[in-house]
Protein chains: 2
Amino acid sequence: MERIKYAPYLDKIQTPEKAAFLINDKDILGVSGFTKAGDSKSVLPMVAKRALTEDIKVTVLSGASLGYDTDADLAKNGALYKRMPFQADPTLRKSINNHEVLYVDQHLGQTADMLQKIDSFKIDVAIIEAVAITEDGYIIPTTSVGNSPAFTDNADKIIIEVNTSFPESLIGIHDVKTLKKQPNREVIPVVNSDTRIGDPFIKIDTDKVVAIVYTQVPDSPAVISAPDDKTKAISKHILDFLDKEVEEGRLTESLLPLQAGIGKTANAILSGFTNSRFKNLTMYSEVLQDSTFELFDSGKLLFASASSITVTEECSNKIFANFEDYKEKLLLRPQNISNAAEVISRLGIIGINTAIEFDIYGNVNSTHILGTNMMNGIGGSGDFARNGYLSIFACPSISKEGKISHIVPMVSHTDHTEHDVDILVTEQGLADIRGLAPIERALLIIKNCVHPDYRTQLLSYFEEAYALGGHTPHILSKALSWHTQLKMEGTMKIETAVKNEKNIVMAYEL
Amino acid sequence: MERIKYAPYLDKIQTPEKAAFLINDKDILGVSGFTKAGDSKSVLPMVAKRALTEDIKVTVLSGASLGYDTDADLAKNGALYKRMPFQADPTLRKSINNHEVLYVDQHLGQTADMLQKIDSFKIDVAIIEAVAITEDGYIIPTTSVGNSPAFTDNADKIIIEVNTSFPESLIGIHDVKTLKKQPNREVIPVVNSDTRIGDPFIKIDTDKVVAIVYTQVPDSPAVISAPDDKTKAISKHILDFLDKEVEEGRLTESLLPLQAGIGKTANAILSGFTNSRFKNLTMYSEVLQDSTFELFDSGKLLFASASSITVTEECSNKIFANFEDYKEKLLLRPQNISNAAEVISRLGIIGINTAIEFDIYGNVNSTHILGTNMMNGIGGSGDFARNGYLSIFACPSISKEGKISHIVPMVSHTDHTEHDVDILVTEQGLADIRGLAPIERALLIIKNCVHPDYRTQLLSYFEEAYALGGHTPHILSKALSWHTQLKMEGTMKIETAVKNEKNIVMAYEL
């Protein structure tokens, strides 16, 4: 009981089963949770369960992906009408691609603003996980802030899940500020990763709280494979590039605040900084993975700001057992501040994100398989790539035993345009395409990033297109042929590709 | 002589012919000029002339497009190696598409930052037009600020063109601030369109000035066709939409600061505000066209901030004869501030830009004809669309006697992704795609924006793709077929398109 310091809430405590019945068919729910961290672990899963026996279909807005099987069960049981702004669950993904669930793939930094702009997502019930409740009835979140402040502001009713599995030492790591609605938007005065601008709790209208439940389930752990040869090579290319930037005086040894996407590649890249020349690093990111804590432990990282902490079980055990050691070095913010265009451009973020594929002109696909099927979503990659100092996109050059080349003539879906991409990197190498015309970009990308098995084939495409002219040479009838061939024949490889030694290649010294 | 108030410059006055010889082969030039306004009218044209008789090839960075035939002559005479970040000249465009000139199509707000980030564009000579020179030797620009402060900061040498054709009453309308290089970037404290944060001149290192020339040539006038039925219909759809936003309490009658792209459509849309319910409007844009002054005259517009004034001859005669009437109501800023992500997101700009084409999922092509040939460039549209409150894109539904549909299955080049586009409008109607999943967007766009002649054909494509599944249904082998057919057969129209009355249509109530 001591986690709830606001007496009027005590008679609102009830079971998750009962609380879930406060949610109605067609409701729009705004739930806490960002990359599995700090999500609803009892009430929302209970909504999925209800759908097994009754007609209940809801719209779910979250911070980002939810943990455990919540998204899967909601989808499987037919409880989801619409989902946004992110997901990363295989079952839900299947339902989205089968047209059973509508999904809106949004820049993670923009959902809170959307709620202020349009009425169609007025939140009926916000379900927010808390580590504790203040004496004024305000919510102290757990391992993520996400969109929770925007949801509670916008909601009719609020359900709070007090999760006692998290140590109370989490109290104090949050920095919550709600930005005013237009036309009264104020300066966001974050000038460093560690600038505090708000409160360590989410201020809410306590009258909206309709139920409080207790849970004791920890976050579902992140599962991250160890760096392999490919991700290590990618990491090395990026470190070498940054090293050169420092060597030539364009950046200092503490670089600029780092952002890294989620997953194996981004984690491996960040881990690479542990044994680098760089020091006094900072992060201004959306998710903190294991690598962040490695960097803290190695003394390389001074401070990390994000919207969530998503770590493996091993890392979780380590950090929450000694959280006081990390507490002064990190901060969790609402995602419309961690991902704010204003702050990202001011701080000059170095954004490192993964691509599904990119093309010879530097357009990046982060979301769609073969142009049609949603994978996870754009997440915050666009927030950082669009407005940061450097936008780096990484992926392996090939996969599926070489049947897929991740560098293609034309991406099958564009999430980041040629105008927003600075650096492309695969295990083969890195291409710095800043200040280059499309033709220059194509030759550099083919030379540096493409797997040798596809280099001739891609060069053939480029040369054929180049001969036809145009600022961005393409043969529209063949631009997506690698994808259609993969679909039809199971491989992008064209065995007959012949390299034409045209002047263009010599002229640009490929 | 009285326009130059700094005595040490007086012995640097020389002829444009002589000044042009201060420029060497392979030089990188940073020149003033933004959408024809405030460009170099004697020295840069002289460089083009030199190329007729000698080997001189330069890289030219500007604010945006240049006036008269400067870009055309530079291209035609083979004087251009590389050009950025914008152009709008038919001859230069041809050279770009023929691979005679390398062109880098950049967000207009990002060129200044690029100069701070990479060394490959160290400016050899900056050529800047001035209405006068201060007692300290600083430059007072004419009708645009553009990238001039970034160029003079970054340049080895500076050539100033003092243009006496502009009235001295221009003095005072500029607000110039140079942002610090990372990691020291400061808050940009613009909180309203009229916030002044800098000086009314460009502070320069006077030792860099190598030549001063006098010119008396006015800006080349904008030529804007009068609104026609299509642009009037587009304007009405937008005004009706904004009216509804006000009616339902999401915006006030003074809306939010407006941005409008250049050209006939954008100008017609803005003109439409003259006879509207809206009042006390403001603009935070990059270019001010005739419509801005119409809005001033009608009393609708309180203040306008931009980076340039580009008006017709008629408008020019009117405003420069009575400039004191307008002077307190407008401000010209460097384009990295007029187009800054930070300011655009804070002020909540309503951005209205034109598209070449858009697709059924809301992706917009602003730059490429048939995916390969550069038209003008992205300009500032991405700066505003990416970070504003509302991003509106407009174009006619069809052109060339109906042979081209400007709404296609898949855009042939993506400049603004589905994540960054809010409102699409043609003379047929408007689609508000905010918060919609791709399938919902497709049906709304087909219903509201597509020309009746193409509605069945586009619906057929969508239905066939939908049946195959996927979050963003596409048939990759046909996605660009409208473009290839246009190229081969001269029309996008497929006479055999048959509408299949599938359930999907009924389900979503098209």
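Residues numbered from 1 in each chain as written. Chains lettered and ligands numbered in written order. Predicted model: local features only at pLDDT ≥ 70, side-chain atom pairs only at ≥ 80, totals over all residues. Heavy atoms only, no water.

**A closer look at the domain arrangement of chain A**
Often, the extent of an interface is quoted as the loss of accessible area upon association of its parts.
All names here are of chain A.
Piece 1. One can read the domain layout of chain A as domain 1 (7-215) and domain 2 (229-451).
Piece 2. Once you take the C-alpha centre of each, domain 1 and domain 2 turn out to be 27 Å apart.
Piece 3. Opposite the 48 residues of domain 1 that make contact, domain 2 presents 44 residues.
Piece 4. Between domain 1 and domain 2, a total of about 3,600 Å² is buried, with carbon and sulfur atoms accounting for 58% of that surface.
Piece 5. On the domain 1 side of the contact with domain 2, H107, I173 and S193 bury the most area, a combined 18% of that side's loss.
Piece 6. For the interface between domain 1 and domain 2, the tally reads 1 salt bridge. (Domains from an automatic or database assignment. Contact = heavy atoms within 4.5 Å. Buried area = accessible area lost by both parts, 1.4 Å probe. Salt bridge = Lys/Arg side-chain N within 4 Å of Asp/Glu carboxyl O.)

**Things to note about the UniProt feature "active site" (unreviewed entry) in chain A**
Residue and element names in this part refer to chain A.
Piece 1. Per the UniProt entry, the sites bearing "active site" (unreviewed entry) are E286 in this numbering.
Piece 2. Within the element layout of this structure, E286 appears in the loop between β11 (281-284) and β12 (287-288).
Piece 3. A residue is classified by how much of its surface remains accessible, and E286, at 7% relative accessible area, is buried.
Piece 4. Ignoring sequence-local partners within four residues, the contact set of E286 consists of F34, L108, Q259, A306, S307, S308, N339, G380 and F384. (UniProt positions renumbered as here; feature names shortened; annotations may be inferred. Helix = DSSP H or I, 4+ residues; strand = E, 2+ residues; numbered from the N terminus. Buried < 20%, exposed > 50% of the residue type's maximum accessible area, 1.4 Å probe, protein only.)

**Some words on the sheet that holds strand β4 (residues 102-103) of chain B**
All names here are of chain B.
Piece 1. Strand order in the open sheet formed by 7 strands is β4-β3-β2-β1-β5-β8-β9, with parallel pairing between adjacent strands. With partners counted over all chains shown, the strands left at the sheet margins are β4 and β9 (209-215), one partner each.
Piece 2. Relative to strand β5 (residues 125-130), strand β1 (residues 28-31) runs parallel, the two sharing 3 bridges. Looking at β5, one finds that L29 is bridged to V125.
Piece 3. Sitting on the sheet, helix α2 (residues 43-50) is in contact with β1, β2 (58-61), β5, β8 (157-163) and β9, with an inclination near 115° to β8. (Pairing = 2+ DSSP bridges. Axes fitted to C-alpha atoms, helices over the stretch in contact; angles between N-to-C directions.)

**Points about the interface of chain A and chain B**
Piece 1. Listed per partner, the contact involves 75 residues of chain A and 76 residues of chain B.
Piece 2. When the buried surface of chain A facing chain B is broken down by residue, H99(A), K117(A) and H471(A) rank first, second and third, together holding 12% of it.
Piece 3. There are 8 salt bridges connecting chain A and chain B.
Piece 4. Notably, a salt bridge pairs D119(B) with R250(A), separated by 2.5 Å at the nearest N-O pair.
Piece 5. The tally of links from chain A across to chain B stands at 43 residue pairs in polar contact (both at pLDDT 80 or more).
Piece 6. Residues belonging to the side of chain A that touches chain B are distributed by class as follows: 30 nonpolar, 29 polar and 16 charged. (Polar contact = N/O pair within 3.5 Å; in protein donor to acceptor, adjacent residues only side chain to side chain. Nonpolar A, V, L, I, M, F, W, Y, C, P; charged D, E, K, R; others polar.)

**Observations concerning the relation of the copies chain A and chain B**
Piece 1. Take chain A, turn it by 180°, move it 0.0 Å along the axis, and it overlays chain B with an RMSD of 0.0 Å. Overall, the copies show the geometry of a two-fold rotation axis. Among all C-alpha atoms of chain A, that of E342(A) lies closest to the rotation axis, at 1.9 Å.
Piece 2. A high fraction, 100%, of the interface residues of chain A reappear at the interface in chain B, so the copies pair face to face through one surface. (Least-squares fit on C-alpha atoms with pLDDT ≥ 70 in both.)

**Side note on the packing of aromatic side chains**
Residue and element names in this part refer to chain B.
Piece 1. Applying the stated criterion to the full structure yields 20 aromatic pairs over all chains.
Piece 2. Centroid distance Y6 to Y9: 4.6 Å. Interplanar angle 75°. Geometry classified as edge-to-face.
Piece 3. Relative accessible area serves as the criterion here: at 0%, Y9 is assigned to the buried category.
Piece 4. Note on F293 and Y326: the rings are 5.3 Å apart at their centroids and 85° apart in plane angle, and the pair reads as edge-to-face. Residue F293 is found in helix α9 (residues 290-297), and its partner Y326 is found in helix α11 (residues 323-327); the two are separated by 33 residues along the sequence. (Phe/Tyr/Trp six-rings, centres within 6.5 Å; stacked < 30°, edge-to-face > 60°.)

**What to know about empty space enclosed by the protein**
Piece 1. This model, assessed by the stated rule, comprises 7 cavities of 30 Å³ or more.
Piece 2. The computed volume of the largest cavity comes to approximately 630 Å³.
Piece 3. Contributing to the lining of the largest cavity are 41 residues, with Q110(A), D113(A), M114(A), K117(A) and G388(B) lying nearest its centre.
Piece 4. Put simply, the parts of the chain that give the lining of the largest cavity at least two residues each are α5 (111-117), α13 (341-347) and α14 (381-387) of chain A together with α13 (341-347) and α14 (381-387) of chain B.
Piece 5. Among the elements that line the lining of the largest cavity, the one with the most residues is α5(A), at 4 residues.
Piece 6. Counted by class, the lining of the largest cavity contains 12 nonpolar, 14 polar and 15 charged residues. (1 Å grid on protein atoms, 1.4 Å probe; cavity = no way out; pocket = protein on both sides within 12 Å on 5 of 7 lines; lining within 4 Å. Points joined across faces, edges and corners; volume = space filled by probe spheres on them.)

**Points about the pairing of strand β25 (residues 423-426) of chain A**
Residue and element names in this part refer to chain A.
Piece 1. Every second residue of β25 is oriented toward a common face, with I423 and V425 on one face and L424 and T426 on the other, all of them buried.
Piece 2. Inspection of the sheet shows strand β21 (residues 390-394) paired to β25 by 3 bridges, in the parallel sense. Across the sheet, the residue bridging to F393 is L424, located in β25.
Piece 3. Across 4 bridges, β25 lies against strand β26 (residues 429-432) in antiparallel orientation. Pairing of V425 across the sheet is with L430, part of β26.

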